[in-house]
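An overview of the molecular structure
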Amino acid sequence: MNIINKFKTSIFGADKEISVPNTSQEMTMSERERNVYDADHLRLQKLYEKWICKEKWLLQKEGIPLLFGINPDTKESSNDVLVKIEELRGHAEECVHKKLLSVINIDSSDGKWEVLPIDLYRWAMVSRIPVPDEFSTLIAFVIQTVKPEQNSNFQTVVEQDAVLQKHKEIVMGAATSLLVNANEQCKNDKGQVSAISISRLIIENKQEWFGQDEPLLIESDMTEMINYYIKLTSPII
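1. Thoughts on the environment of Ile 203
- Mapped onto the elements, Ile 203 comes out in helix α8 (residues 195-204).
- Take Ile 203: its relative accessible area is 26%, and that puts it in the partly exposed class.
- Here the alpha-carbon distance between Ile 203 and Pro 215, two residues twelve residues apart in the chain, equals 8.4 Å.

2. Observations regarding a nonpolar patch on the surface
- Where nonpolar side chains cluster on the molecular surface, the patch consists of Leu 100, Tyr 229 and Leu 232 and spans about 270 Å² of accessible area.
- Using a relative accessible area of 53% as the deciding quantity, one classes Leu 232 as exposed.

3. Observations concerning the packing of helix α3 (residues 59-67) against helix α5 (residues 117-126)
- Packing of α3 against α5 leaves a shortest axis separation of 11 Å and a crossing angle of 55 degrees. Classified by the interaxial angle, the pair formed by α3 and α5 is oblique. Crossing geometry of α3 relative to α5 is assigned as right-handed. Contact residues: Leu 59, Gly 63, Ile 64 and Leu 67 in α3; Leu 120, Trp 123 and Ala 124 in α5.
- Taken together, the residues of the contact of α3 with α5 break down into six nonpolar, one polar and no charged.

4. Re the packing of α3 against helix α4 (residues 79-97)
- Close contact between α3 and α4 brings their axes to 10 Å; oriented N to C, the two are set at 120 degrees. Between α3 and α4, the angle is such that the two are oblique. The chirality of how α3 crosses α4 is right-handed. When α3 is examined against α4, the residues Leu 59, Gln 60, Lys 61, Ile 64, Pro 65 and Leu 67 are found in contact with a partner set consisting of Ile 85, Leu 88, Arg 89, Ala 92, Glu 93 and Val 96.
- Of the residues belonging to the contact of α3 with α4, the class tally is eight nonpolar, one polar and three charged.

5. Comments concerning α5
- Most of α5 is tucked away: seven of the ten residues are buried.
- Within α5, the full set of buried residues consists of Pro 117, Ile 118, Asp 119, Leu 120, Tyr 121, Trp 123 and Ala 124.
- Just past α5, the residue Arg 128 takes up positive phi, approximately 60 degrees.

Cut-offs applied
- Residues numbered from 1 in each chain as written.
- Predicted model: local features only at pLDDT ≥ 70, side-chain atom pairs only at ≥ 80, totals over all residues.
- Heavy atoms only, no water.
- Helix = DSSP H or I, 4+ residues; strand = E, 2+ residues; numbered from the N terminus.
- Buried < 20%, exposed > 50% of the residue type's maximum accessible area, 1.4 Å probe, protein only.
- Patch = residues over 30% accessible without salt bridge, like charges linked within 9 Å, V, L, I, M, F, W, Y side chains within 5 Å.
- Areas by Shrake-Rupley, 256 points an atom, 1.4 Å probe, with all protein chains shown as cover.
- Salt bridge = Lys/Arg side-chain N within 4 Å of Asp/Glu carboxyl O.
- Axes fitted to C-alpha atoms, helices over the stretch in contact; angles between N-to-C directions.
- Parallel < 35°, antiparallel > 145°, perpendicular 65-115°, else oblique.
- Left-handed = near helix turned anticlockwise from the far one by under 90°.
- Contact = heavy atoms within 4.5 Å.
- Nonpolar A, V, L, I, M, F, W, Y, C, P; charged D, E, K, R; others polar.

Right, here's the structure in full:
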């Protein structure tokens, strides 16, 4: 059974045209507001029904506009929205490089990066980026409805990403512990805190942090992530 059709029937009911008051009297403010809301709700519903059927989205050209409820096939947006889209594109690019947002083809140019809708949604939630309710409702329904055998690859990616996020948390927790309990070993020859020194200590003692699991981050990935947060630190006067 078509998942989107099932979704439309069970959640929203059959498609209905927006009713227009058949009266010569002026509509009240509440009626006008309700009609505007209904029209926008229907627009977003149809927009996400179309795009959620796609296995993957182009991150910059499709995914980011969709988070704002903007149809990637159109260019009609207010200047304020366009500014917000550009800002979020820059933030998303940084997160990809820091491995905080998973893309399918990281080796391609940023304009060709592809992302799974669920990965983009989860990133938006973690980053506290508000998304339209129609997007949240539909993607939650799809996740719960698709049969496991039809969605095995999708589910595997989600599970692997969850483990990766957990390992990133372990790395940052280990770095904090080492800075507190083995501060001198975390410094270079100049007496400065060194991300390389910290990541090497984590690798050398990985069983202390990861148990029998092999870290999903290699030493260079750990160094890059730790170094990013070290650079954020400024002296407190």
